Amino acid sequence: MDSHQRAKYEALAGILKALAHPTRLFIVEELAREGPRCVCELTEMVGADMSTVSRHLALLKKEGLVSATKQGPMIFYQLRLPWMVDLFECLDSVLAESIGDRLKLLS
């Protein structure tokens, strides 16, 4: 692997790491399905304090998955990549198949 390839895969790993948390997956899926949300809405939905949700959003923003728009005193986050809905559908399929395979082992 050359340095260009390594840099590419390190960047991809950063994106996957940003998604590798249940709260961040929930936030991304919510933004993908319902559109822009303010931090206060996401905080209520997640059930965590605002600083925790803000840290999750900052990481997603750093990796280029979400963008932020300030409207008055509120900050709204939106998904930068609308195809993320397809990613979640794919992950749901993998999960369903994995569960099916595991159930077969129990039979």
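Our subject is the structure listed above.
**Looking at helix H4 (residues 50-62)**
Turning to step 1, where the next piece is worked out: With 13 residues, H4 extends 18 Å between its outermost C-alpha atoms, agreeing within 8% with the 18 Å of an ideal straight helix rising 1.5 Å per residue.
Turning to step 2, where the next piece is worked out: Every buried residue of H4 is accounted for by Val53, His56, Leu57 and Leu60. In an axial view of H4, the angular spread of the buried residues amounts to 95°, which keeps them on one side of the axis. Seen from the open side of H4, the exposed residues pointing more than 90 degrees away from its buried face are Arg55 and Lys62.
Turning to step 3, where the next piece is worked out: Buried residues along H4 sit against helix H1 (3-19), helix H2 (22-34), helix H3 (39-46), strand E2 (66-71) and strand E3 (74-79).

**Looking at the packing of H2 against H3**
Turning to step 1, where the next piece is worked out: Running from N to C, H2 and H3 cross one another at 125°; their axes reach a closest spacing of 11 Å. The orientation of H2 with respect to H3, classified from their angle, is oblique. When the axes of H2 and H3 are compared, the crossing they make is right-handed. Contact with H2, carried on its side by Thr23, Phe26, Ile27 and Glu30, involves Leu42, Met45 and Val46 of H3 and no other residues of that element.

**A short note on the packing of H3 against H4**
Turning to step 1, where the next piece is worked out: Interhelical geometry of H3 versus H4 gives an angle of 110° and a closest axis separation of 9 Å. With respect to H4, the axis of H3 lies roughly perpendicular. Contact with H3, carried on its side by Val39, Cys40, Leu42, Thr43 and Val46, involves Met50, Val53, Ser54 and Leu57 of H4 and no other residues of that element.
Turning to step 2, where the next piece is worked out: A breakdown of the residues in the contact of H3 with H4 according to their chemical character gives 7 nonpolar, 2 polar and no charged.

**Considering the nonpolar core**
Turning to step 1, where the next piece is worked out: Counting residues in each nonpolar core, the largest one holds 17 residues, and the members touching the most others are Ile27, Val28, Leu57, Leu60 and Leu79.
Turning to step 2, where the next piece is worked out: Of all the elements in the fold, those that place two or more residues in this core are H1, H2, H3, H4, E3 and helix H5 (84-106).
Turning to step 3, where the next piece is worked out: Of the residues forming this core, the biggest block, 4 residues, is contributed by H2.
Turning to step 4, where the next piece is worked out: Contact partners of Ile27, with chain neighbours within four places excluded, come to Leu42, Val46, Val53, His56, Leu57 and Leu60.

**Observations regarding the sheet that holds E2**
Turning to step 1, where the next piece is worked out: One open sheet accounts for 3 strands, arranged E1-E3-E2; its pairing is antiparallel. With one partner strand each, in any of the chains shown, strand E1 (37-38) and E2 form the two edges of the open sheet.
Turning to step 2, where the next piece is worked out: Pairing of E1 with E3 involves 2 bridges; the strand directions are antiparallel. From the neighbouring strand, Arg37 faces E3, where its bridge partner is Tyr77.

**Notes on a nonpolar patch on the surface**
Turning to step 1, where the next piece is worked out: A contiguous nonpolar patch, built from Leu95, Ile99, Leu103 and Leu106 and spanning about 440 Å² of accessible area, is present on the exposed surface.
Turning to step 2, where the next piece is worked out: Of note, Ile99 is situated in helix H5.

What counts as what
Residues numbered from 1 in each chain as written. Predicted model: local features only at pLDDT ≥ 70, side-chain atom pairs only at ≥ 80, totals over all residues. Heavy atoms only, no water. Helix = DSSP H or I, 4+ residues; strand = E, 2+ residues; numbered from the N terminus. Expected span 1.5 Å × (residues − 1). Buried < 20%, exposed > 50% of the residue type's maximum accessible area, 1.4 Å probe, protein only. Arc of directions from axis to C-beta. Contact = heavy atoms within 4.5 Å. Axes fitted to C-alpha atoms, helices over the stretch in contact; angles between N-to-C directions. Parallel < 35°, antiparallel > 145°, perpendicular 65-115°, else oblique. Left-handed = near helix turned anticlockwise from the far one by under 90°. Nonpolar A, V, L, I, M, F, W, Y, C, P; charged D, E, K, R; others polar. Core = buried A, V, L, I, M, F, W, Y, C linked by side-chain atoms within 4.5 Å. Pairing = 2+ DSSP bridges. Patch = residues over 30% accessible without salt bridge, like charges linked within 9 Å, V, L, I, M, F, W, Y side chains within 5 Å. Areas by Shrake-Rupley, 256 points an atom, 1.4 Å probe, with all protein chains shown as cover. Salt bridge = Lys/Arg side-chain N within 4 Å of Asp/Glu carboxyl O.

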